[in-house]
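Observations on the model geometry
Spelled out from the first residue to the last, the chains are:
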Amino acid sequence: NAGVTQTPKFQVLKTGQSMTLQCAQDMNHEYMSWYRQDPGMGLRLIHYSVGAGITDQGEVPNGYNVSRSTTEDFPLRLLSAAPSQTSVYFCASRGQRNYGYTFGSGTRLTVV
Amino acid sequence: KNEVEQSPQNLTAQEGEFITINCSYSVGISALHWLQQHPGGGIVSLFMLSSGKKKHGRLIATINIQEKHSSLHITASHPRDSAVYICAVRWYGSGGSNYKLTFGKGTLLTVNP
């Protein structure tokens, strides 16, 4: 099915561990982005990419790395997990001609 | 700072009622999006607006560019409409900044049978 696929759906990490949240889309969308959603706050942009090989920081980039080696994939890496990174993470994509955004189903991450 | 404000934060209605959710933003935008998120669920795009009005089924979205304000209306509300409704805007810009969204905090709608 066409869309944005996020894995895993749930993850528990210990403080200091690292992990990668996966995001893949099969719509040939140029733009991909990662957001975090915390209670009482709107979604906040972590990192985004406007094409393969191009990434940039969003509003809350600290503690996260991204890369975009292909159009399809945009993984988000947590280098050393902290309890403040407990959140729900969403990946979204958008094509240049398609002005709507397609969101993944989310990853609920808990750091203990 | 470019901001997006939604009201109300919480809304409870009886089945069949007409619902209005409001969104205001601070500066000029290239587009405004309305999104829906069911509890524990993913986010679905409902509308994208740059002017005027759009309708899809029982949902109507309007935008007033001069007043920097948008509304989402639900006619004949139903319990399955219970969800968080999120307003998001794309500010005027170029390159990557033209893709980025700024989100409101969302409106939690509960429709009771």
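Computed from a predicted model, the values in this text were never measured in an experiment. (Residues numbered from 1 in each chain as written. Chains lettered and ligands numbered in written order. Predicted model: local features only at pLDDT ≥ 70, side-chain atom pairs only at ≥ 80, totals over all residues. Heavy atoms only, no water.)

With that settled, the discussion passes to the overall build of chain B. When helices and strands are tallied, chain B shows zero helices and 11 strands. Listed by position from the N terminus, the elements making up chain B come as β-β-β-β-β-β-β-β-β-β-β. Relative to a compact globule of 113 residues, whose C-alpha radius of gyration would be 13 Å, chain B shows 14 Å and is just as compact. Each principal axis of the C-alpha atoms in chain B carries an extent, and together these give about 45 × 30 × 20 Å. In chain B, of all internal contacts separated by at least 6 residues, the share reaching a separation of at least 24 is 57%. With an accessible surface of roughly 5400 Å², chain B has 50% of that area assigned to carbon and sulfur atoms. The positive charge centre, built from 10 side chains, and the negative charge centre, built from 6, are 10 Å apart in chain B. (Helix = DSSP H or I, 4+ residues; strand = E, 2+ residues; numbered from the N terminus. Rg over C-alpha atoms; globule rule 2.2 N^0.38 Å. Contact = heavy atoms within 4.5 Å. Areas by Shrake-Rupley, 256 points an atom, 1.4 Å probe, with all protein chains shown as cover. Lys, Arg positive; Asp, Glu negative; His and termini not counted. Charge placed at Lys NZ, Arg CZ, Asp CG, Glu CD.)

All right, on to the pattern of salt bridges then. Here the structure, examined in full by the defined rule, presents three salt bridges over all chains. Residue R58 of chain B is joined to D81 of chain B by a salt bridge in which the shortest nitrogen-to-oxygen separation is 2.8 Å. On the criterion of sequence distance, the pair formed by R58 of chain B in the loop between β6 (52–56) and β7 (59–64) and D81 of chain B in the loop between β8 (69–74) and β9 (83–91) is long-range, its members being 23 residues apart. On the basis of relative accessibility, which here comes to 24%, the residue R58 of chain B falls in the partly exposed class. For D81 of chain B, a relative accessible area of 5% puts it in the buried group. One connected set of salt bridges, linked through shared partners, spans R36, D38 and R44 of chain A. (Salt bridge = Lys/Arg side-chain N within 4 Å of Asp/Glu carboxyl O. Buried < 20%, exposed > 50% of the residue type's maximum accessible area, 1.4 Å probe, protein only.)

Further remarks concern the state of the cysteines. By the definition in use, this model includes two disulfides over all chains. The disulfide bridge from C23 of chain A ends at C91 of chain A, spanning 1.8 Å between sulfur atoms. Here the S-S torsion is close to -70°, and the disulfide linking C23 of chain A with C91 of chain A is therefore left-handed. Of the two residues, C23 of chain A is situated in strand β3 (residues 19–25) and C91 of chain A in strand β9 (residues 87–94); the sequence distance between them amounts to 68 residues. Two residues, C23 of chain B and C87 of chain B, share a disulfide whose sulfurs are 2.0 Å apart. Because the sign of the S-S torsion sets the handedness, a value of about -60° for the bond joining C23 of chain B and C87 of chain B places this disulfide among the left-handed ones. In this pair, C23 of chain B sits in strand β3 (residues 19–25) while C87 of chain B sits in strand β9, placing the two residues 64 residues apart along the sequence. Given the relative accessible area of 0%, C23 of chain B is considered buried. (Disulfide = S-S within 2.5 Å.)

Taken together, the contacts link 19 residues of chain A with 19 residues of chain B. The contact between chain A and chain B buries some 1600 Å² in all, and 64% of this surface belongs to carbon and sulfur atoms. Viewed at the interface, chain B and chain A are joined by zero salt bridges. Our enumeration of links across chain A and chain B arrives at one residue pair in polar contact (both at pLDDT 80 or more). Broken down by secondary-structure element, the contributors of at least two residues to the side of chain A that touches chain B are β4 (31–37), β5 (44–51) and β9 of chain A. Class assignment for the residues of the side of chain A that touches chain B results in 11 nonpolar, seven polar and one charged. (Buried area = accessible area lost by both parts, 1.4 Å probe. Polar contact = N/O pair within 3.5 Å; in protein donor to acceptor, adjacent residues only side chain to side chain. Nonpolar A, V, L, I, M, F, W, Y, C, P; charged D, E, K, R; others polar.)

By themselves, these are just geometric observations and shouldn't be taken as functional.
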